[in-house]
Amino acid sequence: MGTKIYSSYAQIDRELEILKIEKEISYQKIVFGVQKTKDSLAPKNIVKGIIGNYSPNIPGPYGKIISLLIPFVTKWMLKKRGR
């Protein structure tokens, strides 16, 4: 990227404002990525991901029933483990 030449302070101020907004957008993307990673590493999501991969292989309505029960069973297991 070459050196920019500005003809007024207004252009410099505008460029600085653009860079400030781009910096904030980049920061928010990082925050969102970290939160998304934390959510995906939650125990209920890990179990749901593992079982979810196998539930389509279960024929009929049983696969749907199992995928609906996963959040309740994991919450119950986590509460039982926390006692």
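Preceding block: the structure.
Structural notes, computed from the coordinates. It should be emphasised that the depicted structure is a prediction, and the values quoted were computed from it without experimental measurement. (Residues numbered from 1 in each chain as written. Predicted model: local features only at pLDDT ≥ 70, side-chain atom pairs only at ≥ 80, totals over all residues. Heavy atoms only, no water.)

### As for the overall build of the protein
Counting secondary structure elements, the protein contains 3 helices and 0 strands. Listed by position from the N terminus, the elements making up the protein come as α-α-α. Only carbon and sulfur atoms are counted for the fraction: they give 65% of the accessible area of the protein, which is about 7800 Å². (Helix = DSSP H or I, 4+ residues; strand = E, 2+ residues; numbered from the N terminus. Areas by Shrake-Rupley, 256 points an atom, 1.4 Å probe, with all protein chains shown as cover.)

### Thoughts on the pattern of salt bridges
Any two side chains of opposite charge can pair if their charged atoms end up close together. The tally for this structure, following the rule as stated, stands at 1 salt bridge. Salt-bridge contacts for Glu15 lead to Lys4; the nearest nitrogen and oxygen are separated by 3.1 Å. A residue pair is termed long-range when its members are at least 10 positions apart, and Glu15 in helix 1 (residues 9–40) and Lys4 in the segment before helix 1 qualify at 11 residues. (Salt bridge = Lys/Arg side-chain N within 4 Å of Asp/Glu carboxyl O.)

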